[in-house]
Amino acid sequence: MPQLLLIEDDPAIRSALTRALTERGHGVRSAPTGMEGLQQAVDDRPDLVVLDLGLPDIDGCTLLQMLRAVSSVPVIVATARDDERETVRALDAGADDYVVKPFAAEHLDARIRAVLRRGTSAETVAALAVGGLVIDPQARTATLDGRTLDLSRLEFDLLAHLAARSGTVVSKRELLADVWHLPYGGADKTVDVHLSWLRRKLGETATEPVYLHTVRGVGVKLVDPGA
Ligand code: CA
């Protein structure tokens, strides 16, 4: 049974979600403040953390950075409103996905299951080379011209997925389904945000692409710039 940690200060939301997620087959523990949540995440080693960004004692994104310094546990953040800047900040701080309040427990449950599946479905394939890029899915390392790229888990999965299909246009829908395990789409913004970070780490931009080429209205493809 997956063990979840719910960090949420609103007692009504906390108890409703605890009940609903328990009914859906998860083990649920909860914490009413950020610092208690951080302590529990370290002590109990949950399989996934649901983190409310609006906490009384500490900014949710700051807490996420502190958690990321000590743990790679998957994190879904709950934002109070559809605030793009806050969402991007949370994804940048290492969140795996997000939900916007108010959300139904079944919606959160679907996201939780998708994130948990992602963690256990690593492709076991040989190293891939595209131009100066070398990606080792087993070691989960990527280098560009011999330099190691510092990639988040999602950035790595995205790069590996595109590299395995180099020269082919991959749609955002396919990326959401295969990298994010969200077959019904929904978080398009997430794909764009991660693509832009990946570009930055590859040292290129959308307007002057080298490896990552956007095909407007279709998707994105990774190409060998020397080919
Ligand atoms: Ca709150």
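Residues numbered from 1 in each chain as written. Predicted model: local features only at pLDDT ≥ 70, side-chain atom pairs only at ≥ 80, totals over all residues. Heavy atoms only, no water.

## Points about the overall build of the protein
Looking only at helices and strands, one finds eight helices and 11 strands in the protein. Relative to the 2.2 N^0.38 estimate, which gives 17 Å for 227 residues, the radius of gyration of the protein is 18 Å and therefore close to what a compact globule would have. If you line up the protein on its principal axes, its C-alpha atoms span 60 × 35 × 30 Å. Restricting to contacts in the protein with at least 6 residues of sequence separation, those with at least 24 account for 56%. As displayed, the protein offers around 11,100 Å² of accessible surface, 50% of which is attributable to carbon and sulfur atoms. (Helix = DSSP H or I, 4+ residues; strand = E, 2+ residues; numbered from the N terminus. Rg over C-alpha atoms; globule rule 2.2 N^0.38 Å. Contact = heavy atoms within 4.5 Å. Areas by Shrake-Rupley, 256 points an atom, 1.4 Å probe, with all protein chains shown as cover.)

## Examining the coordination of the calcium ion
Every protein donor of the calcium ion is listed here as D9 (OD), D52 (OD) and G54 (O), and their distances to the metal cover 2.2 to 2.3 Å. Look at where the donors of the calcium ion fall in the sequence and you get D-x42-D-x1-G. One end of the pair, D9, is in the loop between β1 (3-7) and α1 (11-23); the other, D52, is in strand β3 (residues 48-52), and 43 residues separate them in sequence. (Donors = N, O, S within 2.8 Å, 3.2 Å for Na, K, Ca; no water.)

## Focus on the environment of T141
Position of T141 among the secondary structure elements: in strand β8 (residues 141-144). As a C-alpha pair, T141 and L63 span 78 residues in sequence and 27 Å in three-dimensional space.

## Details of the side chain of D52
We classify D52 as buried; its relative accessible area is 5%. With near-sequence residues (within four places) excluded, D52 lies in contact with I7, E8, D9, A78 and K101. (Buried < 20%, exposed > 50% of the residue type's maximum accessible area, 1.4 Å probe, protein only.)

## Considering the pattern of salt bridges
Applying the stated rule across the entire model yields 13 salt bridges. Note that E155 is salt-bridged to K201, the shortest N-O span being 2.7 Å. Residue E155 is located in helix α6 (residues 153-163), and its partner K201 is located in helix α8 (residues 188-202); the two are separated by 46 residues in the primary sequence. The class for E155 is buried, based on a relative accessible area of 3%. For K201, a relative accessible area of 29% translates into the label partly exposed. Among the charged side chains, a network of salt bridges with common partners joins E8, D52 and K101. (Salt bridge = Lys/Arg side-chain N within 4 Å of Asp/Glu carboxyl O.)

## A look at the domain arrangement of the protein
Per the domain assignment, the segments of the protein are domain 1 (3-120) and domain 2 (128-222). Once you take the C-alpha centre of each, domain 1 and domain 2 turn out to be 26 Å apart. Summed over the shared surface of domain 1 and domain 2, the number is one salt bridge. A salt bridge links D96 to R153; the nearest nitrogen and oxygen atoms lie 2.2 Å apart. Between domain 1 and domain 2 we count two residue pairs in polar contact (both at pLDDT 80 or more) in total. The set of elements that each furnish at least two residues to the side of domain 1 that touches domain 2 consists of α4 (84-92), β5 (97-100) and α5 (105-120). A breakdown of the residues in the side of domain 1 that touches domain 2 according to their chemical character gives five nonpolar, one polar and eight charged. (Domains from an automatic or database assignment. Polar contact = N/O pair within 3.5 Å; in protein donor to acceptor, adjacent residues only side chain to side chain. Nonpolar A, V, L, I, M, F, W, Y, C, P; charged D, E, K, R; others polar.)

## What about the pairing of β1?
Taken across its five residues, β1 has four buried, putting it largely inside the fold. Both β1 and strand β2 (residues 27-31) contribute to a ladder of five bridges, which runs parallel. Note that in β2 the partner of Q3 across the bridge is G27. With α1 bridging β1 and its parallel neighbour β2, the resulting β-α-β unit is right-handed. Relative to β3, β1 runs parallel, the two sharing four bridges. Across the sheet, residue L5 finds its bridge partner in β3, namely V49. (Pairing = 2+ DSSP bridges. Right-handed = clockwise from strand over helix to strand, strands pointing away.)

## Examining the nonpolar core
Within the largest apolar cluster, 29 residues are counted, with the highest numbers of intra-cluster contacts made by L159, L162, L175, W180 and L202. Put simply, the parts of the chain that give this core at least two residues each are β7 (133-136), β8, α6, α7 (172-178), α8 and β11 (219-222). At seven residues, α6 tops the list of elements feeding residues into this core. Ignoring anything within four residues of it in the chain, the contact list for W180 reads D96, A114, R118, L154, L158, L175, T190, V191 and H194. Counting residues in hydrophobic clusters, the runner-up holds 23 residues, among them L5, L55, A90 and Y98. (Core = buried A, V, L, I, M, F, W, Y, C linked by side-chain atoms within 4.5 Å.)

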